[in-house]
Amino acid sequence: MKNLLFAVVLLASAQLAFADTVTYGWEGTETVLALYGTGEPPMNVAIATDPVHSGSQSLYLEDNSPTGTPAAYIVWVLGLQDGDEVTASIWRYDTTPSASPSCRIWGHWNDDPGDVMGYNGSASGETDYGPGTGWDETGYTWTVADGHTGLIIEMRTYSSAGDAVWVDDLSVTAPSGCTILTPDNFVSLQASTWAEIKAQF
Ligand SMILES: [Ca+2]
């Protein structure tokens, strides 16, 4: 019994040792890493004060693309290797059940640490649009394969131009040693030179 308990404690500490969790609640001034879509800009994004899930601010995402599905890049995980798992959860807000606007958490591979718009293929994501009855928590776990080293996690909006949704309280867990770039530390990194960025990965 004592050995079993020891094994359980060891297992729990091993899991803690090999994964890091970063949270982001849009309580500062930074919104997203980048935007993708057909509009100019693809989305209108802003720090919002109503509604919020926790704290005093959230992220406002307004579709501004005439066609297609625009995406707001909200986190970039770098330093991944095959078999690694990345889990993200986020709270989203819309009040239109079974109708647009809606949003989903999605991912794509970007293995080039020098270019936030780099694209190495879809990584898929959550297919559920949510109940549309206010705040609900959504999430997804990606398993790294095919030699990818970078994963960008995005919020996609499904709506007409002018429709808006809100998100808050992002949580990302990745293996220790990976770099998890949220909007605030991504902006800090952008001030670095290409050589300095390359040196980090
Ligand atoms: Ca918040």
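Attention in this report is confined to the structure presented alongside it.

So, about the coordination of the calcium ion. Taken together, G25 (O), E27 (OE), S54 (O), Q57 (O), D168 (OD) and D168 (OD) make up the protein donors of the calcium ion, found 2.2 to 2.7 Å from the metal. Each of the six donor atoms around the calcium ion contributes to a set of angles spanning 50 to 164 degrees, which defines the coordination as irregular. Between consecutive donors of the calcium ion, the numbers of intervening residues give the motif G-x1-E-x26-S-x2-Q-x110-D. Here the residue Q57 occupies a position in the loop between β3 (43–48) and β4 (58–63), and D168 occupies one in strand β11 (residues 164–175), the gap between them amounting to 111 residues.

This brings us to helix α2 (residues 183–190). Along α2, the residues that are buried comprise P183, F186 and L189. Around the axis of α2, the buried residues are gathered within 120 degrees of arc, so they sit on the same side.

Looking now at the environment of S124. Here S124 lies in strand β8 (residues 122–125). It is 9.0 Å that separates the C-alpha atoms of S124 and I105, two residues lying 19 residues apart in sequence. When sequence neighbours within four positions are dropped, the list of residues in contact with S124 reads W106, G107, Y140 and W142.

Let us look at the pairing of β4. With five of six residues buried, β4 lies mostly within the body of the structure. Judged from the six bridges that link them, β3 and β4 form a sheet pairing that is antiparallel. Paired with N44 across the two strands is E62, which belongs to β4.

Attention shifts here to the pattern of salt bridges. Under the counting rule described, the total for this entry stands at two salt bridges. We note a salt bridge from D136 to R92, for which the minimum N-O separation is 2.9 Å. Highlighted residues: D136 in strand β9 (residues 134–143) and R92 in strand β6 (residues 85–94), separated in sequence by 44 residues. R92 shares its class with D136; the two are buried. Between R156 and E154 there is a salt bridge, with the nearest N and O atoms lying 3.0 Å from each other.

Our next topic: the packing of aromatic side chains. What the rule picks out here adds up to seven aromatic pairs. Here the aromatic residues Y60, Y93, W135 and W166 are joined through ring pairs into a cluster of three or more.

Parameters at a glance
- Residues numbered from 1 in each chain as written.
- Predicted model: local features only at pLDDT ≥ 70, side-chain atom pairs only at ≥ 80, totals over all residues.
- Heavy atoms only, no water.
- Donors = N, O, S within 2.8 Å, 3.2 Å for Na, K, Ca; no water.
- Tetrahedral: all angles 85-135°; square planar, octahedral: opposite > 155°, others 65-115°.
- Helix = DSSP H or I, 4+ residues; strand = E, 2+ residues; numbered from the N terminus.
- Buried < 20%, exposed > 50% of the residue type's maximum accessible area, 1.4 Å probe, protein only.
- Arc of directions from axis to C-beta.
- Contact = heavy atoms within 4.5 Å.
- Pairing = 2+ DSSP bridges.
- Salt bridge = Lys/Arg side-chain N within 4 Å of Asp/Glu carboxyl O.
- Phe/Tyr/Trp six-rings, centres within 6.5 Å; stacked < 30°, edge-to-face > 60°.

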